[in-house]
Number of protein chains: 2
Amino acid sequence: MTTKEMEPHLFLIFGALGDLARRKLLPALFHLSTKGELGDGYFIVGIDVDENLDDKGFRSRARQMLADAGLLLNDKASQWCDQRLHYHCIGQGSRTDYGKLAGKLDALERECGLPGNRVLYLALPSDIVPNAVAGLGEAGLNQSSGWTRLVLEKPFGWDLASAQELNGEVHRYFDESQIYRTDHFLGKETVQNLLVFRFANTFFEHLWNRDHIESIQITVAESLGIEKRAAYYERAGALRDMVQNHLTQLLALVAMEAPSAFEAGAIRNEKIKVLHRIAPINPADVVLGQYVGGKIDGQGMVGYREEPGVSPNSSTETFAALKIDIPNRRWKGVPFYLRTGKCMALRCTQIVVTFHCAPASIFHPFEETCGVRPNVLVITLQPDEGFDLYFQVKNPGQPFTMTTQPLHFRYAGTFGALPDAYKTIILDVILGDQTLFVCDNEVETAWRLYDGLLKGNIPVHPYPAGSWGPAEMNRLFDGWMNRGA
Amino acid sequence: MTTKEMEPHLFLIFGALGDLARRKLLPALFHLSTKGELGDGYFIVGIDVDENLDDKGFRSRARQMLADAGLLLNDKASQWCDQRLHYHCIGQGSRTDYGKLAGKLDALERECGLPGNRVLYLALPSDIVPNAVAGLGEAGLNQSSGWTRLVLEKPFGWDLASAQELNGEVHRYFDESQIYRTDHFLGKETVQNLLVFRFANTFFEHLWNRDHIESIQITVAESLGIEKRAAYYERAGALRDMVQNHLTQLLALVAMEAPSAFEAGAIRNEKIKVLHRIAPINPADVVLGQYVGGKIDGQGMVGYREEPGVSPNSSTETFAALKIDIPNRRWKGVPFYLRTGKCMALRCTQIVVTFHCAPASIFHPFEETCGVRPNVLVITLQPDEGFDLYFQVKNPGQPFTMTTQPLHFRYAGTFGALPDAYKTIILDVILGDQTLFVCDNEVETAWRLYDGLLKGNIPVHPYPAGSWGPAEMNRLFDGWMNRGA
């Protein structure tokens, strides 16, 4: 969110042959390069364990990755791979291996005339992250003659204790100002726009409190199952996989006070402040679920326990719904409902703000029949990002009745396709803007909320794939609206 | 706005061969009949001065009127004319003539088994209305064995004194509860919907005051000139023709407090209350204009003084813009801008509500460049009726800037074509619902505001046809937005 120039740098991808690099990072970097958004003074170093690969072999692999990502493979793309990409095998990740890497980087920077700015993007499985961080630190790669920035992907720990431990390990070598914990949800334009939406529009800002708002629902529904990620998901579950990070980040953005400035530090402060105000969630305010066989779009889906790699007795939750109270001046008494699940009726990420209903008595003597309903604001993050403000209009003609209709806005209709979240993330790292990244304190504050729920003593109710979750939800969320408005 | 049944009645059109009957009333009545909305127990009596016409001749003329109005002329329409229409010649409008009419109506009601409910619709030039009212009253046609309702068309007087005189004359024979003064602007669904919009939507209702609103503009712009109405328009001018009635009605609906009930009496009370709070308009807050030759859509337009029938020295205003203050708790200090004109750049009727701007300081350090602008609500009455709420969204990508975009709603997109205003008017008269009609007190209160402006001592500035009015407007209305948002 700045207008700074792109500084020359090395962009290091650890795990360059992995899934994230292939699907997201390399395509995003190539895209950005074609628009000139990376400047001219950058080189990308892919780092992985394949010792049979050299620069040439990696460039050839990269071309395939771009093709797999659906990018038109032309001379320009080939040229870009040849000019910008390098490869380095990190071997076993020993101290010597990292020392060799350090030497290679120094040489490359000398050769290319770079000032020593470095992005260290760890696109690695979470269990080897601590080793990689230590390796980098011990080899002195936590610093350079320019800036050095470390990018971490979630999960940031598995509970409060492990998150604190991980933060501690990273802090041994890196200062918090160097650390960029990504949440690709926060890279989305719509989420950034949430801040503009809330604070640049007096219209909405004035109504954004308990005096006017009845409830707020935040839903991240996925229609897919766990796909091939059983090993990860069996350990994680919905609370760790979605609630602690994405949903809590959205919650903080929706509920926080206005920051004193539009910059990372001020915004983080407000997010942490509001999360701190929330008591650890009471298990009685939580409904967990696990999908059983069902149908989505007419297609049969197997249950979670039948997925390959999942234990037939698994009690891992694939659905979580929570009711949260924020007992501060702005929100006391307004329920925040968080919900996420796999194999839901449809894929959507929505924030639904329901306002208080107008008193029907204004419409005396029609109060019984006119049909006053509350105003509802639906912020859709995906698919088809945009805003809908459901309001009451009179039905034409006689008798006097009302209907609820949306005032409608869609990003794509105005701006065309929005940039991929990873493009935003990459640019912000290079620009040194931490606004959309999660800091240590936020991670730990969020874990604190859910830590008591991770002990496995909350019942997990079955729900059919393709539904909106277990029937027990109705107990907790009276009047929950299934699809926003 | 009720669900009452249609009672059997006679619908009398005085001036049945005139322009309004031909263009609006008969087509609307036929339309309503095809939908069964008039019930089954009604007959229509056309009354005019052509003594050579009988029922048969009038029915033949009526068929032609329906055809002229673009209605498909089929057997059903012919049948309807034969079954429902009668004609009566009122002669010179003498006492004897009205006596004869009374006898005819009694006979018709006996013959058709009607209970004596009567609509007396005066579709007459304003100068013969007093005679017609007196004639009806003297012949005892101000009452019947059922209800009798008198429908009057504007103008309701030419200034405060003449309006009071006219009200006095009508009240000699008719009780205010029998009188339906039409303003076809109020028959429009969108205007009715204004009440729902304001009071059924907590969202808007909470912001509807000086704490949140910067200014309100009400524009009724016509792209046409005076057409063939020079004789009327030379006497009238924009203040009488549009401001005193349509614009003032819109002003009252936008500014009034919530009525205690959704019915005529309560709504009228609030409209009158808010109009009473306004001081007679200061001539210094008024800009008048008269169009000179220009172009609209590339087509040359003659100036007002060149129009056939207009004096070459005419000082009649074809444009008026006014600034109005309502010094009550809700509106003190919020300027209401009223504007109307002929031969304007385009035809539109809009209410533009501009909210206070968010403090740019929230976006520090981008306050200079991010481009915070105010939220604006545009209520369009014509053409393409609907609502647009202009709000701030972030432009995708870097650098951090905003743009203003509309949340969008159109009636036609949701409900299809809206009913013609005259259908609403006719139904409400038959149902006895005075909500959308203007009472004596409102008429006089509105005249009081503008009476001091009608003395001809305000300069009338030329403006080119196809423009947005004289340049002097800028003096009065700094920052006026030409086309809504």
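The structure presented is a predicted model; accordingly, all values stated were derived computationally and were not measured.

**Brief notes about unusual backbone geometry**
- Between A:Q382 and the following residue, A:P383, the backbone shows a cis peptide bond with an omega angle of -15 degrees.
- Relative to the helices and strands, A:P383 resides in the loop between β14 (376-382) and β15 (386-394).
- Between B:K154 and B:P155 the backbone carries a cis peptide bond, its omega angle lying at 5 degrees.
- Within the chain, A:E227 stands out as a residue other than glycine whose phi angle is a positive 55 degrees.
- With relative accessibility at 51%, the residue A:E227 sits in the exposed group.

**Let's talk about the side chain of A:R240**
Residue and element names in this part refer to chain A.
- Looking at the element boundaries, R240 is found in helix α10 (residues 230-255).
- Polar contacts involving the side chain of R240 include one to the main-chain carbonyl oxygen of A236, which spans 3.3 Å.
- Not counting residues up to four positions away in its chain, the partners in contact with R240 are W158, R235, N245, W447 and L454.

**Describing the interface of chain A and chain B**
- With 62 residues of chain A at the interface, the matching set in chain B holds 62 residues.
- Carbon and sulfur atoms supply 69% of the area buried between chain A and chain B, which totals about 5,300 Å² over both sides.
- Of all residues in chain A, A:F203, A:K394 and A:Q398 bury the most surface against chain B, accounting for 14% of the area lost on that side.
- The tally of links between chain A and chain B comes to 0 salt bridges.
- Applying the counting criterion to the chain A and chain B interface returns 17 residue pairs in polar contact (both at pLDDT 80 or more).
- Among the secondary structure elements, those contributing two or more residues to the side of chain A that touches chain B are α8 (189-200), α9 (202-205), β15, β16 (402-410), α12 (411-415) and α13 (421-431) of chain A.

**Topic: the packing of aromatic side chains**
- Counted under the stated rule, the structure contains 55 aromatic pairs over all chains.
- Pairing A:F197 with B:F391 gives two aromatic rings, centres 5.8 Å apart and planes at 80 degrees, and the pair type is edge-to-face. With A:F197 in helix α8 and B:F391 in strand β15 (residues 386-394), this residue pair bridges two chains.
- Accessibility expressed as a relative area gives 0% for A:F197, which makes it buried.
- Relative to B:Y463, the ring of B:F319 has its centre 5.5 Å away and its plane inclined at 55 degrees; by these criteria the two rings are tilted. Separated by 144 residues along the polypeptide, B:F319 in strand β11 (residues 319-324) and B:Y463 in strand β17 (residues 460-464) bring together distant segments of the chain.
- Sitting over the face of the ring of A:F43, A:R84 holds its NZ or CZ atom 5.5 Å from the ring centroid.
- Over the aromatic face of A:W158 sits the side chain of A:R235, whose NZ or CZ is 4.0 Å from the ring centroid.

The rules we used
- Residues numbered from 1 in each chain as written.
- Chains lettered and ligands numbered in written order.
- Predicted model: local features only at pLDDT ≥ 70, side-chain atom pairs only at ≥ 80, totals over all residues.
- Heavy atoms only, no water.
- Helix = DSSP H or I, 4+ residues; strand = E, 2+ residues; numbered from the N terminus.
- Buried < 20%, exposed > 50% of the residue type's maximum accessible area, 1.4 Å probe, protein only.
- Polar contact = N/O pair within 3.5 Å; in protein donor to acceptor, adjacent residues only side chain to side chain.
- Contact = heavy atoms within 4.5 Å.
- Buried area = accessible area lost by both parts, 1.4 Å probe.
- Salt bridge = Lys/Arg side-chain N within 4 Å of Asp/Glu carboxyl O.
- Phe/Tyr/Trp six-rings, centres within 6.5 Å; stacked < 30°, edge-to-face > 60°.
- Lys NZ or Arg CZ within 6 Å of the ring centre and 35° of its normal.

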